[in-house]
Each structure stands twice: as structure tokens, then as C-alpha cells.
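Remarks on the overall topology
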Amino acid sequence: MPTNIGSMKENRIGFITMYTLTFFFANFGPNSTTFVVPAEIFPARLRSTCHGISAAAGKAGAIVGAFGFLYAAQSQDRTKTDAGYPPGIGVKNSSIMLGCINFAGALITFLVPESNGKSLEEMFVEKEDDETMPASSDSRTVPV
């Protein structure tokens, strides 16, 4: 009777180590570029909108990557593809393509501006226009 490789006693430490490293690096890069960096680089007036767009773009990229890999990883031989899928470029070629895309993403991440230890207030000093400010400081109306 075949046994599950993950349930074999001698593989448990290796499995836990690989799982931990995979979980760490899967969250380390994408979470910092879609959550932490947008909070630092967008101007205060547009921060929430741009933060939402950044998060949505990250999720859309994950969806495209997951489905794209499914189709691309199919065998080039039509007789060896899974039912309902067209021939792809194979697992080896799609993994190489995925690695190149990940490397390009890592390089592009270095183009994001650095905050250089400045606070958000120091980075984005917004000019106060007389037209947008209420006439008195006790006014409870919000300018539109």
C-alpha cells in the first residue's frame, strides 16, 4: 500500500521547514509591496484611493498568474493535456517564465521611491488654499 510522503516520520522536519520558508517568503515580498509601500509613497490626499488600486492590482495579478500558470503548464502534446485544456508550453517552460516574471518584479520594486526616514507629513507638505479652508476654525462644515 503506498504511503503519503508528507506523513512519513523522516520527512516531517523537512516539510515543516519548507512550509515555513515558503509561507514567510510568499508573504514577505508581496505584502510589503502591496500594503506597506503604498502607505509610504502616495500623497495624503490620494492615499486611500491609491492604496485600494494597489491592493486590487496585486489581487488581479495573483488571479491572472494562477489561471495563466494552469493553462501554460499543460503539456505541448495534445494527447497529454488535462481534459478541457488546450496544449501549453509545459511545466518546465512555464516555471522558467514565472521565474523571469518574478525577477522582473523584484527589479521593478527597487524603482519605488524610498521615504529616507522622513515622516509622511515631511514628505507631503500640502499647501493650504484659502478657498478650501473653512472661514473660521470652529466651523463644522466640510468644504466640498
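Residues numbered from 1 in each chain as written. Predicted model: local features only at pLDDT ≥ 70, side-chain atom pairs only at ≥ 80, totals over all residues. Heavy atoms only, no water.

On a plain count of helices and strands, the protein chain comes out with four helices and zero strands. For the protein chain, the succession of helices and strands along the chain, N to C, is α-α-α-α. Expressed as a percentage of the 144 residues in the protein chain, the buried residues total 10%. Taking the intrachain contacts of the protein chain between residues at least 6 apart in sequence as the baseline, contacts between residues at least 24 apart amount to 31%. (Helix = DSSP H or I, 4+ residues; strand = E, 2+ residues; numbered from the N terminus. Buried < 20%, exposed > 50% of the residue type's maximum accessible area, 1.4 Å probe, protein only. Contact = heavy atoms within 4.5 Å.)

Let us look at the packing of aromatic side chains. Scanning the entire structure with this criterion turns up four aromatic pairs. Seen from their ring centres, F15 and Y19 are 6.2 Å apart, and the 25° between their planes marks the pair as stacked. Of this pair, F15 and Y19 both sit in helix α1 (residues 12-41), four residues apart, roughly one helical turn. Like Y19, F15 is exposed. Within the aromatic cluster, the residues linked to one another by ring pairs are F15, Y19 and F23. (Phe/Tyr/Trp six-rings, centres within 6.5 Å; stacked < 30°, edge-to-face > 60°.)

What follows deals with the UniProt feature "transmembrane region" (unreviewed entry) in the protein chain. On the UniProt side, "transmembrane region" (unreviewed entry) is annotated at positions that read residues 12-32 and 52-73 here. For the annotated span residues 52-73, helix accounts for 95% and strand for 0% of the residues, and the straight-line distance between the end C-alpha atoms is 31 Å. (UniProt positions renumbered as here; feature names shortened; annotations may be inferred.)

The first and last C-alpha atoms of helix α2 (residues 47-72) sit 36 Å apart over 26 residues, in line with the 38 Å expected at 1.5 Å per residue. Those residues of α2 not exposed but buried are R47, H51, S54 and A72. (Expected span 1.5 Å × (residues − 1).)

As a further point, take the environment of G90. Its location among the elements puts G90 in the loop between α2 and α3 (91-109). Looking at G90, the relative accessible area reads 13%, which means it is buried. When the C-alpha positions of G90 and Q76 are compared, they lie 5.9 Å apart, and in sequence the two are 14 residues distant. Dropping the residues within four chain positions of it, G90 is found in contact with A72, A73, Q74 and Q76.

So, on to the confidence of the model for the protein chain. Mean pLDDT for the protein chain: 77, with 71% of residues reaching 70 or above. Mean pLDDT across the secondary structure elements of the protein chain bottoms out at helix α4 (residues 120-123), with 65, and peaks at α3, with 87. Counting interchain partners and residues more than four positions distant, the pLDDT-below-50 stretch residues 127-131 has one contact. (pLDDT = per-residue confidence, 0-100.)

Attention now moves to a nonpolar patch on the surface. Together, M18, L21, F24, F25 and F28 make up an exposed nonpolar region whose accessible area comes to about 570 Å². Structurally, F28 is set in helix α1. A residue is classified by how much of its surface remains accessible, and F28, at 53% relative accessible area, is exposed. (Patch = residues over 30% accessible without salt bridge, like charges linked within 9 Å, V, L, I, M, F, W, Y side chains within 5 Å. Areas by Shrake-Rupley, 256 points an atom, 1.4 Å probe, with all protein chains shown as cover. Salt bridge = Lys/Arg side-chain N within 4 Å of Asp/Glu carboxyl O.)

Tracing the backbone shows G52 in helix α2. For the pair G52 and P38, spaced 14 residues apart in sequence, the C-alpha separation works out to 9.2 Å.

Here we come to the side chain of T81. Its location among the elements puts T81 in the loop between α2 and α3. According to the relative accessible area criterion, T81 is buried, its value standing at 16%. In terms of polar contacts, T81 uses its side chain to reach the backbone carbonyl oxygen of R78, at 3.0 Å. Within polar-contact distance, the side chain of T81 engages the backbone oxygen of Y85 at 3.5 Å. (Polar contact = N/O pair within 3.5 Å; in protein donor to acceptor, adjacent residues only side chain to side chain.)

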